[in-house]
Amino acid sequence: MTVNWYNRLSPFLQEYIYRNNWQEFRQVQGEACQVIFETNAHLLLAAGTASGKTEAAFLPILTLLEENPPNTVGVLYISPIKALINDQFQRLSEILQQSHTPVYAWHGDVSSTHKHRLLRDPKGILQITPESLESLLINQPNEIPRLLGDLRFVVIDEIHAFMGSERGSQILCQLARIARITSNIPRRIGLSATLGDYSLAETWLQSGTEIPVITPKIEKGGKQVRLAVEHFYNHPDDRDAEFSYIYNNSQGTKCLIFTNNRSESEEIITNLRSQAAREGLPDVYHVHHGSISAMLREDAESAMRGETPAVIAATVTLEMGIDLGQLERVIQMNAPFSVSSFLQRLGRTGRRGSSADMRIVCTESEPNLETILPERLPWDLLRAIAIIQLYLEERWIEPITPLTYSYSLLYHQTLSILTAEGELSPSELAEIVLSLPPLATIPQEDFRQLLHYLISLDHLQLTAKGNLILGITGEKIVRNFRFYAVFSGNAEYKVRNESGEIGTIAILPTVGTQFTLAGRTWEVIDIEAKRNLIFVKPIKGNANSFWRSRGGGENIHTKVLQRMQQVLLEAKEYPYLLTGAKERLKVARQLAKLENLEQNYLIPLDEKTYCLFPWLGTIGYRTLERYLNQCVRTHIDIRSIKGKSPYFFLIKLGDATAEELLLALQAIKTSKITEIDLIDSVEAPQLCQYDRFIPPNLLRKAFAKNYLDFEEVNSVDQKDTKF
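This one's a predicted model, so the numbers in the text were calculated from it and none came from an experiment.

(A) Quick look at the overall build of the chain. The helix and strand tally for the chain stands at 25 helices and 24 strands. In summary, the chain has a C-alpha radius of gyration of 27 Å against a globular reference of 27 Å for 723 residues, a match within 12%. The dimensions of the chain, computed from C-alpha atoms along their principal axes, are 75 × 70 × 60 Å. For the chain, buried positions account for 56% of its 723 residues. Long-range contacts, defined here as pairs at least 24 residues apart, represent 73% of the contacts in the chain between residues at least 6 apart.

This is how it looks when you write it as structure tokens:
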């Protein structure tokens, strides 16, 4: 134990440490004490999963609160998901048993009684989601000084999940609004296990303040990792080999199965549960994702913390740092989309001194003699290997870049602030809104145009004095509880049986329809469409899940694609590949050599059809796709452009030759065309929650800046193709 820091802590914390038999402070805890006790700086704690970041942040914070209690809530803890708040609430409640500092959880599943207790006597720690914080700012604007006037610290957990997103920008707007109302700037503590570029995180954390950020250098622990990658060909009607592998590797363990979408989670658990039933084994299977009821999600988490085996199939809902006890193994279905996600999921195992254990299962349809060249390559397997190698070789993690123009957030904060303030002149409103750090890059002329547009839509109204208030249409939007979120959310239907709520689905079925939810099969017996309620009974057998898949929209970085190309072309062997994966990679490399993919990136498939391998990430691929359609097709005769993002294009030529296509592709490096030139004048790309309320020319401007990048396209050095 580092005696000095132990002695500096409050007696109740010393008692907690003694009671829990801590032998020493971890480095991250000592470094946090150093910064929080001895400086006035913000703190970025970037350390591995299960490294003790939460305790590191709160031990010194709680000591300072105990020594000098604030007059209001002293700590605002912001989390990306409710489950993480629930988990941290239990941990903090245990630490605070002998203190005078209360802790309050505040989100949609928390009772109003618990919330009113805080409103009556605001103090201690408030754990909250960005959406609930937005609700407070809108519905309790006059209470903010009484609730948060003496706020000392803001702890932002899993900040990598917020950076570069509108939700993260929403948090920065909220903190700026609170500081403006209270004339108080609290210190910020950012926590993360997967950050690549610390300077980007420091800039984000500091945003809107002049307080420096200190990031201690935390030594990486030498945790042992057991890693295996296997490959299967899947057939729509026969996935026995794949499911048997998953079943055998999860049986009798505490195992977390990560999938890239909700439908796959449901399918896997339904099959594993059926196989266990056939063998007369107990049902230890659970599903955990955003469409499962809070009660069933909590049941799954409790099962994982118990003493007996448990298997959960989950999406990103369990990627965060929720304590699931001694998790023995993670199975990843198909490659994650990023190194960051791979590390988050790997880090769920290997806690409390045990080895981290992860199995990645890659699947694809089996190619045949008629399968075209690009679809004979195992893209998912290549991505899995590339992601693993990028971390093993370089410790590289994707950098997170902020959105430059966020007009959807501009709309949201404009209406939120106007609702809280009641009435403002256009200049007063502009001064408040455009001073919010994420919106400071937006020109005043753009904001002026937006205000005129919103007046025309009746979202805003001008008073006789020339001030702005909410219009009738705007009032309806703001008063809907969905307004608190800046991310898109589909209207969903609640599914219930005689025991209570099971979860939600996005598509209204008919009576008699059978579907899978929570890893079980149900039949619809009644529907109350006006109340969005579906009543079901359990049945045996398998069925399809009944909502639109929420996966597949993730960005893949160009560096991942470039490493995938290297995997395909190099002769290196990877010790973690199992038999099926090793054989599949061998076949793919033989094909790459046969087609000379090291030298050629434009491959003829037939007399007029060519395959283009750009080896670009999602943004670069999107930019090149628009360049081909908007620019190249105006100069040479191209009949069609198809493809699979971000892996390949299929280009069918008309009268043009391959040489003309090559010249057109090479001309991109010297072209004076900009990203905005790639967007048609009649386009209005609506990608964010409130884009439908934004003038079309502003949407085009934001899309060009945030979602296209010629620089990324030109960063890849393509060799000359020869025919």
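(B) Just the pairing of strand β9 (residues 254–258), in detail. Within β9, five of the five residues are buried, which leaves it mostly tucked inside the rest of the structure. Where β9 meets strand β11 (residues 310–314), five bridges bridge the pair, whose relative direction is parallel. Its bridge partner lying in β11, C255 is registered against V311. Note that β9 and strand β12 (residues 329–333) share four bridges and pair parallel. Following the sheet pairing, C255 is matched in β12 by R329.

(C) How the structure looks around helix α14 (residues 339–346). Summarising burial for α14: eight of the eight residues are buried, a large majority. Turning to α14, its buried residues are V339, S340, S341, F342, L343, Q344, R345 and L346.

(D) Seen up close, the packing of aromatic side chains. Counted under the stated rule, the structure contains 18 aromatic pairs. Geometrically, the ring pair formed by W379 and F613 is tilted, given 6.2 Å between the ring centres and 40° between the ring planes. Within this pair, whereas W379 is found in helix α15 (residues 379–394), its partner F613 is found in the loop between β22 (609–612) and α22 (618–630), the two being separated by 234 residues in sequence. Neither W379 nor F613 differs from the other in exposure class; each is buried. Between F483 and Y690, the aromatic rings sit 5.8 Å apart at their centres with planes inclined by 55°, giving tilted as the arrangement. Within this pair, whereas F483 is found in the loop between α19 (472–478) and β16 (493–497), its partner Y690 is found in the loop between α23 (658–666) and α24 (696–707), the two being separated by 207 residues in sequence. The burial state of F483 is the same as that of Y690; both residues are buried.

(E) View of the pattern of salt bridges. A full pass over the atoms with the stated rule returns 31 salt bridges. For E421, the salt bridge goes to R180, with nearest N and O atoms at 3.3 Å. On the criterion of sequence distance, the pair formed by E421 in helix α16 (residues 407–421) and R180 in helix α9 (residues 166–182) is long-range, its members being 241 residues apart. Residue class for E421 comes out partly exposed when judged on its relative accessible area of 36%. With its nearest N and O atoms 4.0 Å apart, the salt bridge here joins R305 to E301.

(F) The arrangement of the sheet that holds strand β23 (residues 638–644) in detail. Sheet architecture is open: four strands sit in the order β21-β22-β24-β23, paired in antiparallel fashion. At either margin of the open sheet sits one strand with a lone partner, and together these are β21 (602–604) and β23. When the angles between neighbouring strand axes are averaged without regard to direction, this sheet yields 25°. Here six bridges tie β23 to strand β24 (residues 648–653), and the two strands are oriented antiparallel to one another. Bridged to I638 within β24 is L653. Packing against the sheet, α22 makes contact with β22, β23 and β24, and its axis sits at approximately 10° to β24.

(G) Fine view of the sheet that holds β11. Read across the sheet, six strands follow the order β8-β13-β12-β9-β11-β10 without closing on themselves; strand pairing throughout is parallel. Only two strands of the sheet have a single partner each, and these edge strands are β8 (225–233) and β10 (285–288). Strand-to-strand, the axes of this sheet are offset by a mean angle of 20°, without reference to chain direction. Sheet topology note: the β12/strand β13 (residues 356–364) ladder contains four bridges and is parallel. Pairing of I331 across the sheet is with R359, part of β13. Against the sheet, α14 contacts β8, β9, β12 and β13, and its axis sits at roughly 130° relative to β13. Of the strands in this sheet, β8 and β13 touch α15, which is tilted by about 155° from β13.

Reading the values: rules and limits
- Residues numbered from 1 in each chain as written.
- Predicted model: local features only at pLDDT ≥ 70, side-chain atom pairs only at ≥ 80, totals over all residues.
- Heavy atoms only, no water.
- Helix = DSSP H or I, 4+ residues; strand = E, 2+ residues; numbered from the N terminus.
- Rg over C-alpha atoms; globule rule 2.2 N^0.38 Å.
- Buried < 20%, exposed > 50% of the residue type's maximum accessible area, 1.4 Å probe, protein only.
- Contact = heavy atoms within 4.5 Å.
- Pairing = 2+ DSSP bridges.
- Phe/Tyr/Trp six-rings, centres within 6.5 Å; stacked < 30°, edge-to-face > 60°.
- Salt bridge = Lys/Arg side-chain N within 4 Å of Asp/Glu carboxyl O.
- Axes fitted to C-alpha atoms, helices over the stretch in contact; angles between N-to-C directions.

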